[in-house]
Amino acid sequence: MVSTPPSQASSSQYQVSDPQVEVDSLVTEAKPESDIDLEFLYTRDIEFRQETIYFIVVDRFHDGDPDNSAGPNPELYDPDRQDWGKYWGGDLQGIIDKLDYLKNMGVTALWLTPLFEQVEALFVEQAAIHGYWTKDFKRLNPRFIGTDEEPSLNKTQQTKETIFDRLIDELHKRNMKMVLDIVCNHSNPDFSGTKGELYDDGVKIVDFNNDENHWYHHYGEVVDWENEWQVQNCELSGLATFNENNPDYRNYIKSAIKQWLDRGVDALRVDTVKHMPIWFWQEFNADIQNHKPDVFIFGEWIFSDPRNERSVEFANESGMTILDFGLCIAIREALAQGAEGGFHLIQDVLNLDHHYYRATELITFIDNHDMPRFQSLNPDPDLLRVAIAFIMTCRGIPCIYYGTEQYLHNDTNGGDDPYNRPMMEKWDTDSPIYRDIRLLSGLRRLNPAVSMGSHWQKYITPDIYCYIRRYRDSVVFVAMNRGEAVTLDVVATELPEGEHTDILTRRKFEVKNGNLYNLELGSRDVIVISHLGERIKGQTIVRAQLNGVETKPGEIVAVIGDCPELGNWDIAKAYRLEYINTNTWFGEIPFNESAGKLISYKYILLREGSSPLRENIVCRRWVITTEGTVKWRDQWETGRES
């Protein structure tokens, strides 16, 4: 039976409360003789598309408990914060101390670098401050927790009253979510002859140099990065690489992650996913999502791109979404590096969204801990504001790298690793970017056009980009300028007639016939205008998404079924979905009368002047939960004329 963790509330204004399903009555109605928990028959929807993620390198954020800074090996701690390869003291108490700062900025989800116990030694003059050289996946790094909670006291899994649990509680009190960073590909590198020593809650179970049970691959380092077998089986920078073919390893890593999910973790970020075969991720994600159906998972496929078939296949078929490196690189080229193509480079990436099944759930960002910060490429704070405004209003889920709102960057060695991980120094709640993120994060939760809608270019040059986000009758219009001040004669907006107010500056704009005339854009300027239509309401909301159907202009995808909400098989009453891109149709379907019942449904293609095209399948079946929100993620089956 799948247990529902106690903390599944969403900060989203579209998330309906999610109580435990009345399983007994549903089982009786759907299949009296079944002992199967009907949690397995649907997926609760934690709507991450409305979130604003903030990514923290824990050691470099804030030291809330100086007593734990020295850790088990004081030689790895630099209290003067001059040695970039050593620990500087950031910890979980420091994050708790700054939660209100983050909450007030509009942050709704915290992604923290891995919190697991690390090896306590230097490798190439570098300590594991980043958290990716794990020694024990079931214990916390003692440098991040209280001195009375060290793993030597064996409290990590035996008590649920650690600083980690307090952090989860404080996040959930503020309707914020916890994103746990995990690594399934590798453990730790060679430290003076010690490599890949792995522990299970304090008990040593594996040693790379005495690997009798084949927990690790032993093929040396990757030599040819174009060779897929090498990328998936050989070592990345000397890191001990797990053998995913070993079921004992798979059981260990899945059981470890489930323990943290049981303590309230809401989402997972998964490191180095390209280095393991897709079948492993399909099994891993199925197991994890059976354990916690509403967990959100995204992976790091380094330099993923919609033109890269393997990274697209992973995003579509692995069971998780990915960080959108393709869009990140285009943003950096267009806005930080002044590339001649400008905004056309960004639009070129968005034009390929149809390659993905879930483009609206890609994680968008402008920099991270593995690349120079945006301002190390271009120190202009106004261009940084433009870049942040873009990821906050474009499709996908925005992720802000810690300190960006305070213009944090160190340009030593071009700002590359480790200089892209400076210590957080300022907490100014009046900085322009702090304010912008607060306003635009609120917009993401208020207006579904931003988080779930389609993206339409309205005006573009290398320096100017105007676009709208649209969902049903909700619209957000965005105009941005990377260059000098300019006046645009006319720009289509799809906004209603009348006066509208820019969210960021409170400037007033008059829309006539759906257009803005003589639109003045200052240098490095951004305008964001929102029109909120009627929101979908219902006892249960089904978020239905269909991929793989080819439509032509004027054609509409709808859902038809054996219940009133889907027209009782009457095509004229079928529920129509919204066009997102040429590969995706999406809609929120309210269920009232059929909530708690078993229904059948299929998709149809409505074509003016022709018979509807129905899916050529036996109807899909689903138990609609009594309350809450659920997801349908379906692929179009070959159509057949009515």
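Rules used throughout
- Residues numbered from 1 in each chain as written.
- Predicted model: local features only at pLDDT ≥ 70, side-chain atom pairs only at ≥ 80, totals over all residues.
- Heavy atoms only, no water.
- Pairing = 2+ DSSP bridges.
- Helix = DSSP H or I, 4+ residues; strand = E, 2+ residues; numbered from the N terminus.
- Buried < 20%, exposed > 50% of the residue type's maximum accessible area, 1.4 Å probe, protein only.
- Contact = heavy atoms within 4.5 Å.
- Phe/Tyr/Trp six-rings, centres within 6.5 Å; stacked < 30°, edge-to-face > 60°.
- Lys NZ or Arg CZ within 6 Å of the ring centre and 35° of its normal.
- UniProt positions renumbered as here; feature names shortened; annotations may be inferred.
- Core = buried A, V, L, I, M, F, W, Y, C linked by side-chain atoms within 4.5 Å.

Trainee: Before we go on, may I ask you to explain the pairing of strand S17 (residues 498-501) in this structure?
Mentor: For a regular strand, side-chain orientation follows a simple rule: the groups alternate between the two sheet faces. Across 4 bridges, the pairing between S17 and strand S18 (residues 508-512) is antiparallel. Each bridged residue has a counterpart across the sheet, and for His 500 the counterpart in S18 is Phe 509. Where S17 folds back onto S18 in an antiparallel hairpin, the turn is made up of 6 residues, including Arg 506, whose phi is positive at roughly 70 degrees.

Trainee: Sorry if this is basic, but what is going on with the environment of Ala 315 here?
Mentor: When you line up the elements, Ala 315 lands in helix H8 (residues 309-317). Looking at Ala 315, the relative accessible area reads 8%, which means it is buried. If we ignore the near neighbours within four places in the chain, the residues touching Ala 315 are Met 320, Ile 322, Tyr 356 and Arg 358.

Trainee: Help me out: how do you make sense of the pairing of strand S26 (residues 598-606) in this one?
Mentor: For S26, the buried fraction is high: 8 of the 9 residues fall into the buried class. Note: strand S22 (residues 556-561) against S26, 6 bridges, orientation antiparallel. Opposite Ala 558, over in S26, you have Ile 604 as the bridge partner. Both S26 and strand S28 (residues 620-623) contribute to a ladder of 4 bridges, which runs antiparallel. Within S28, the position partnered with Ile 599 by the bridge is Trp 622. Connecting the antiparallel pair S26 and strand S27 (residues 613-615) is a turn made up of 6 residues, with Gly 609 showing a positive phi of about 85 degrees.

Trainee: Teacher, can you tell me more about the packing of aromatic side chains here?
Mentor: According to the stated counting rule, one finds 46 aromatic pairs in the structure shown. When the ring of Trp 281 is compared with that of Phe 284, the centres are 5.8 Å apart and the planes differ by 85 degrees; the resulting orientation is edge-to-face. Taken together, the positions of Trp 281 and Phe 284, both in helix H7 (residues 278-291) and 3 residues apart, correspond to about one turn of that helix. The same class applies to Trp 281 and to Phe 284, which are both buried. Against the face of Tyr 402 rests Arg 373, its NZ or CZ located 4.7 Å from the ring centre.

Trainee: I tried to follow the UniProt feature "domain: CBM20" (unreviewed entry) in the protein on my own but got confused; where do I start?
Mentor: Cross-referencing UniProt, the feature "domain: CBM20" (unreviewed entry) maps to residues 534-638 in the present numbering. End C-alpha to end C-alpha, residues 534-638 measures 34 Å, and it is 0% helix and 50% strand.

Trainee: What should I look at first to understand the nonpolar core in this one?
Mentor: Soluble, globular proteins show a tendency: their nonpolar side chains are buried together. By size, the foremost hydrophobic cluster in this structure holds 142 residues, and its most contacted members are Tyr 54, Leu 92, Leu 102, Leu 110 and Phe 390. Sort the elements by how many residues they give to this core and helix H12 (residues 381-393) lands first, with 9 residues. In this view, Leu 102 contacts Tyr 54, Ile 56, Phe 61, Val 107, Leu 110 and Met 176; residues no more than four positions away in its chain are not counted. The next biggest cluster of nonpolar side chains, apart from the first, holds 25 residues, and it includes Cys 563, Trp 585, Ile 599 and Trp 632.

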